[in-house]
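Listed below, chain by chain, are the residues.
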Amino acid sequence: MYEKKIPELLDCGLAVTLKVIGGKWKAWIMTCIMDGIRRPSAIHRAMHAVSPRIINAHLRELEAYGIICKKIYAESPARVEYWFTEVGESVLPVIQALEDWGNRHKTYIHRHNASYEEGSCTFLQGQS
């Protein structure tokens, strides 16, 4: 197993926050669950641009941090849904604030990003 050469400094609140919600896809996964998309297969469909393997890995991480919990229903076939824990609910305003900031400043960021091409963001087509 890979062992980091530099230890993580998780005494800093910002470092802890970024450890839990940082990364390319965790905030989007959390937004899906917040919007009522609770089953793994539905999350995979909503995030079609992301490999299911990556989504499942992030779901496991969020569960390990106690941000979400997995409920397995005793049905045939088995049904799984993800729900926020109390701590998970408390991070949702942070996710919303990040989205609000991005929506307010995306034109500015696109204008200053030389590699941006208009219409190139296909991840959230049809969403505002």
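Residues numbered from 1 in each chain as written. Predicted model: local features only at pLDDT ≥ 70, side-chain atom pairs only at ≥ 80, totals over all residues. Heavy atoms only, no water.

### Some remarks on the packing of aromatic side chains
Condition: Centres within 6.5 Å are what make two rings of Phe, Tyr or Trp a pair, Trp counting through its six-membered ring; a difference in plane orientation under 30 degrees is then read as stacked, over 60 as edge-to-face, and the rest as tilted. Partly exposed describes any residue whose relative accessible area lies between the buried limit of under 20% and the exposed limit of over 50%, with all areas from a 1.4 Å probe on protein chains only and scaled to the type maximum. The criterion for a charge sitting over a ring is simple: Lys NZ or Arg CZ within 6 Å of the ring centre, and within 35 degrees of the ring normal.
Evaluation of the coordinates by the stated rule reveals 1 aromatic pair. Consider the rings of W25 and W28, whose centres lie 5.8 Å apart with planes at 45°: the pair is tilted. Its relative accessible area of 14% is what places W28 among the buried residues. In this structure, R79 packs its charged tip against the face of Y73, placed 3.8 Å from the ring centre.

### Focus: helix α2 (residues 26-34)
Our working definition: Strands here mean DSSP runs of E at least two residues long; helices mean DSSP runs of H or I at least four residues long; both are numbered from the N terminus. Note on contacts: a residue pair qualifies if any of its non-hydrogen atoms lie within 4.5 Å across the two residues.
Within α2, 7 of the 9 residues are buried, leaving the element largely enclosed by the surrounding structure. Residues of α2 that are buried include every one of K26, W28, I29, M30, T31, C32 and I33, and no others. Looking at the buried positions of α2, the neighbouring elements they touch are α1 (13-21), α3 (40-46), α4 (52-64), β1 (68-73), β2 (79-84) and α5 (86-111).

### A few points about the nonpolar core
Worth spelling out the cut-off: As used in this record, nonpolar core signifies buried Ala, Val, Leu, Ile, Met, Phe, Trp, Tyr and Cys residues forming a set joined through side-chain atoms within 4.5 Å.
Counting residues in each nonpolar core, the largest one holds 21 residues, and the members touching the most others are I29, M30, I33, M47, L59 and I68. Listing elements by their share of this core, those giving two or more residues are α1, α2, α4, β2 and α5. In terms of residue count, the dominant contributor to this core is α2 (5 residues). With near-sequence residues (within four places) excluded, M47 lies in contact with W25, W28, I29, C32 and I55.

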